Structure formats: structure tokens, C-alpha cells
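Here is what each chain is made of, one letter per residue.
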Amino acid sequence: MHFTDIHTHILPGIDDGAKNLDQSLDLLGMLECQNVSTVVLTPHYYGRNKGTDKFLESREGAFKKLAAAYGGKIKLVRGCECNISTCANSDFSELRPLAIESTRYILTEMSFEHQWTEHMWGRLERLLDTGLIPIIAHVEKYPAILKKPQLVHRLVEEGCLIQINCHSVLDEERCALVKALIDHGQVHCLGSDTHNKEKRPPRYMAAVEKLSALFGQDLVYALQANMQNILADNCIEPLAGTPVTRTLLGKYK
């Protein structure tokens, strides 16, 4: 089975991911060995010091550099990880070119504050109003979600898709929330969120094997089908299911 990695920081020298072309090629080689056949390249867009035009220019330069040097079998797809809590764009329609290549889907990073204000939710609504469909990046990492996991239910009801990180699947503590979200039908995509070989290497196959052991291969097939539909710009209409809650003892159910 071949896999899609929808969240990576592999483009050389553009964000806190791969620092140079050699590191980019090493990461692609590692993913190729893990049966990953499609990689969405999603450098950070914070929108504070650089607008969308300058960002896209930088991304295209890095993409062409990588594409020219890479001779492997992985399909490379342009995208970004857009942080809507920091971007200074007054008109969110300016964010449309940041969507995954030839689609309406945009990998979206939320606030890392311990509580999401209505202002934060308002920014998400502004993004949705553009016609873009947010894929919420690494939902299990946000302090607000860890404290109040039922917010994921609200995200799905608003029209978002949910992405989890491979490292979180493999981390015993984070996996507790990941498992609860999967049990409630609120996980749609899987990404390595790889940045480098040393501290944040791609561990895609290991995550797939653990998910298969916990939930069966049907879940893995479903996640991969979702991501292929995203890349084809097909409509996905996930059910919100029921909210995940957190007990007084800190367990998720």
C-alpha cells in the first residue's frame, strides 16, 4: 500500500524544517522507504513579516530547487501550513493561493493559547467564508484542545477536517487523545509533520502499523482515501459524531 503524507516541512531553507537541499533529499528518501508516494509540502505561513505574494515567491523558488534535484518516485505537491491566529491579512481571500495545489483545502494551524477566544473562532469563520476548507493541523497538540477536547467536535461541525501527527500516534501520552478522537470519528488525515532527521524525522510507517494494530486496516484505508480525495479536490462530508470529553482524572472518553 502506498501512502500520502499531507503535512511536511521538507522544502529547503524556507521555514524551521529542512535547512538545505541535502536535508530535504534525505527526508524524501526516508519517506520513500516507508512507502510514501505523495508528499504535500507545507511550509509555515505566519503572515506577520511576509505577505502571501512574497511567501509564494519563496515557496516556488524552494520547490523548483527541490524538484530539480530530486530523482525519486514521490509526487511533490505544493501547500502550506497557514496559521490564522498570527496572519495579518485583513482580507482572508488572499489566503486562497495557499491552499493545497489545485484544491480548496488548506492546512490550517490554530492558536497555541490555552483558550480559544471567540475572536479566534471568528477568524476561522472568515477563512470558511472564502470557500476554503480548513484541515486543522495536528489537532492533538493544542493546549486548548487538550483541556477541552470537545472543541474538535465544534471544528468538524463548522466544516473543518482534522489531521493528526504520526509522532502523536507513537507517543503514549498524546495517543490517548488520538485514540479517543478516532473512536468518535473525528480524524480524517495523517501527516508526519517532519522537520529534520534528528529530532523530528518522518515516522509514517510506524504510525500506520500502530493504527492498524489498534483499529484495523480499514481505518488506514479510510485516512488514505480522504487524502486522495483532498488532492483530487473532491467533496468530503465527515460526520461530527459525538464530542470527546475529559474526565476529572484527565482521561479522554
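What comes next concerns the included structure. (Residues numbered from 1 in each chain as written. Predicted model: local features only at pLDDT ≥ 70, side-chain atom pairs only at ≥ 80, totals over all residues. Heavy atoms only, no water.)

## What to know about the pattern of salt bridges
Item 1. In this structure the tally under the stated criterion is seven salt bridges.
Item 2. Residues D26 and K197 are paired through a salt bridge, measuring 3.3 Å at the closest nitrogen-oxygen approach. Within this pair, whereas D26 is found in helix α1 (residues 21-32), its partner K197 is found in the loop between β9 (189-191) and α8 (204-215), the two being separated by 171 residues in sequence.
Item 3. Overlapping salt bridges bring together E60, R78 and E101 as one network. (Salt bridge = Lys/Arg side-chain N within 4 Å of Asp/Glu carboxyl O. Helix = DSSP H or I, 4+ residues; strand = E, 2+ residues; numbered from the N terminus.)

## With respect to the sheet that holds strand β1 (residues 3-8)
Item 1. What the three strands build is an open sheet, ordered β1-β2-β4; its pairing is parallel. Of all strands in the sheet, those bounded by a partner on one side alone are β1 and β4 (75-78). Across the sheet, the axes of successive neighbouring strands diverge by a mean angle of 20°, strand direction being ignored.
Item 2. As defined by bridge partners, strand β2 (residues 36-41) adjoins β4 across four bridges and the pair is classed as parallel. Bridge pairing in β4 places L41 opposite R78.
Item 3. Contacts from α1 reach β1, β2 and β4, with the element oriented near 140° to β2.
Item 4. Contacting β1, β2 and β4, helix α9 (residues 217-231) runs over the sheet at an angle of about 65° to β1. (Pairing = 2+ DSSP bridges. Axes fitted to C-alpha atoms, helices over the stretch in contact; angles between N-to-C directions. Contact = heavy atoms within 4.5 Å.)

## Remarks on the side chain of E140
Item 1. Turning to its location among the elements, E140 is positioned in the loop between β7 (133-136) and α4 (143-147).
Item 2. Here E140 occupies a buried position and makes no salt bridge, while the nearest side chain of opposite charge, R174, is found at 6.0 Å.
Item 3. Non-local contacts of E140, meaning those with residues more than four positions away in its chain, are made with L146, Q163, I164, N165, S168, R174, L177 and V178. (Buried < 20%, exposed > 50% of the residue type's maximum accessible area, 1.4 Å probe, protein only. Lys, Arg positive; Asp, Glu negative; His and termini not counted.)

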